Amino acid sequence: AVGRRRAILCRFDMRRRALLTVCVALAVRSALGLPKLKRRRRSGAKLGAARSGEAEVVKEDVGSGRGAAVRGAVGLLGGTMAHLVLGSFYCVPNIASYMPAEVQYFKGGGSGKPDALYSMPLTLLTSSVIMPLGAWLATEVSAPLAALVGGLIVASSFLLASRATRCWQFVLAQGAVFGVGHGVGYTAPMIAGWRVFPKRRGLVSGTIMTGFGTAAFAWNPLITLMVNPDNLAPPFPASVAARVGPTLRSLAALFCGVSVLGAALVSISPDSSTGPAAKRDRSSTTGGPSRALASPTFWRAWALCLLSASAALNVAALWKGFAIAAGSEALRGDDRALALAGSASALGNGLGRFLFATVSDLFGLGPTYLGLLTLQLAAMLALGPTALLSPAAYALDLFLVFFCLGGIFSLSPPLASALFGPVQGPKIYGMIFSAFPFASVAGQLLAQALLPKLGWHNLIRILAALGATAFLPLAGLFPLLHRPN
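A. Inspection of the pattern of salt bridges at higher detail. This structure, assessed with the given rule, holds 1 salt bridge. Close ionic contact of aspartate 361 with arginine 200 constitutes a salt bridge, the shortest N to O distance being 3.7 Å. Residue aspartate 361 is found in helix α18 (residues 335-363), and its partner arginine 200 is found in the loop between α9 (188-196) and α10 (201-213); the two are separated by 161 residues along the sequence. Residue classification places arginine 200 among the partly exposed residues on the basis of a relative accessible area of 35%.

Printed below as a string of structure tokens:
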């Protein structure tokens, strides 16, 4: 009986190990996006050859029809989750407002706009350098793998930032390290989605980037609740600053889980990794990023992104400081009202990414950009008066500003694809994306130089005027973009 029991336990242990090995292999295959293998049926002479050991193994074709569409939709959901992690970029102003002075400012103390916000342009700058590498990894190796690596690097940046005791350490973690993860994972879900829905590129990019835009809507209230549960008004006591580190570590763990799940869902999408079809597409494309740099069309597109983002993108770093310094008393004295305004901005960011990209599929990129820039100018000019009116009015106008910002970001990938083709477009987009860090850095320097002399309200008007200059490059590109995608 003892021997029989041992034999049963031994067989059970062997089966358990075999099952564990299969699960690990499936997890690796899912993360790398490797294709399944199947045996092709043959008859007659071929069947005889197969029996003699000459069986042919071929790659499984990507599914078509309703099944492929459902798998593609699941992949879009995974891409949205991956961008939900990358979109924590917009939580930096909220986090910085609670940090101790020695982490907010390079000199260990000060007032006004925190120096820690320099991490935002550094993120965009680092991302623009790394993004071509991320696009290559997604197209040549595996889109799910690129999304997974990018998300995990972003999560590690929060872990590093939680240990920061000086401002430069926080800027390096949330700027450079975060930017590497952002650059690696940003385009990967969109590249996978475009292969499944090649005629709805705007819808694909808008759906996925909705996660990026609404990330602050999801994470900022959570951050405020964890760091400032008593709704204390600024200036915050030391007890609030002491909660920043544990909160960032909790976010790092949360983002790891979301990144793994998102990458797993992206791997379900048909043709989420490279294959014969992708290779045929690449081989049929002429030119490349080096030729794009010599094209006036590239520089018009770059200027369009630079000037259009110079208004709303800098409001993303300044809106809370502007409300505290120049807003109404009701707005300044209620931290939860500020958190509500931040949530409204995040909601507008997410909706703008989806709606503007979807509209561009129907009416073309040119008319969509024209409406976006007009709405942004009106919302920017109204930002100062609404801040003095009421918290609800400020939140509504902030919603519109970020609604336009979301559209600017979601239209730029289809813009690159429309101008340079569906294959080279994602690679060239990494170079076009460099316009955004330039806009952010220029806005930060402009705010630092003009804020002490002109005040908050005049600074907002100047940013609105900069955004209006984007009509000039749009006029040069309009003949190429007036038709639906």
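B. Region of the structure containing the side chain of serine 127. Tracing the backbone through its elements, the reader meets serine 127 in helix α6 (residues 119-141). Residue classification places serine 127 among the buried positions, given a relative accessible area of 0%. At 3.4 Å, the side chain of serine 127 and the backbone nitrogen of glycine 183 are in polar contact. With sequence-adjacent residues up to four places away left out, serine 127 is seen in contact with Gly179, His182, Gly183 and Phe433.

C. Inspection of the nonpolar core at higher detail. Core analysis: the biggest nonpolar cluster contains 115 residues, and Tyr186 and Tyr394 have the highest contact counts within it. Here the element with the most residues in this core is helix α16 (residues 296-326); it accounts for 17 residues.

D. Focus on the packing of aromatic side chains. For the structure on display, the rule yields 22 aromatic pairs. Measuring from centroid to centroid gives 6.5 Å for tyrosine 90 and phenylalanine 402, while their planes differ by 70 degrees, and the two rings are edge-to-face. Placement of tyrosine 90 in the loop between α3 (66-86) and α4 (92-96) and of phenylalanine 402 in helix α20 (residues 391-420) is noted, with a sequence separation of 312 residues between them. Ring geometry for phenylalanine 409 against phenylalanine 436: centres 4.4 Å apart, planes inclined by 40 degrees, an arrangement best described as tilted. Here the residue phenylalanine 409 occupies a position in helix α20, and phenylalanine 436 occupies one in helix α22 (residues 435-468), the gap between them amounting to 27 residues. Like phenylalanine 436, phenylalanine 409 is buried. Following the ring pairs from residue to residue traces out a cluster consisting of Phe89, Tyr90, Tyr186, Phe212, Phe402, Phe409, Tyr429, Phe433 and Phe436.

E. View of α16. Here α16 spans 42 Å end to end across 31 residues, near enough to the 45 Å set by a 1.5 Å rise per residue. At leucine 318, α16 shows its strongest bend, of approximately 60 degrees. The buried count for α16 comes to 22 of 31 residues, which makes it a mostly enclosed element. Where α16 begins, one side-chain oxygen reaches toward the backbone nitrogen of threonine 297, 3.1 Å away; that side chain belongs to serine 295.

Quick notes on the rules
- Residues numbered from 1 in each chain as written.
- Predicted model: local features only at pLDDT ≥ 70, side-chain atom pairs only at ≥ 80, totals over all residues.
- Heavy atoms only, no water.
- Salt bridge = Lys/Arg side-chain N within 4 Å of Asp/Glu carboxyl O.
- Helix = DSSP H or I, 4+ residues; strand = E, 2+ residues; numbered from the N terminus.
- Buried < 20%, exposed > 50% of the residue type's maximum accessible area, 1.4 Å probe, protein only.
- Polar contact = N/O pair within 3.5 Å; in protein donor to acceptor, adjacent residues only side chain to side chain.
- Contact = heavy atoms within 4.5 Å.
- Core = buried A, V, L, I, M, F, W, Y, C linked by side-chain atoms within 4.5 Å.
- Phe/Tyr/Trp six-rings, centres within 6.5 Å; stacked < 30°, edge-to-face > 60°.
- Expected span 1.5 Å × (residues − 1).
- Bend = angle between axes of the 7 residues up to and from the residue.

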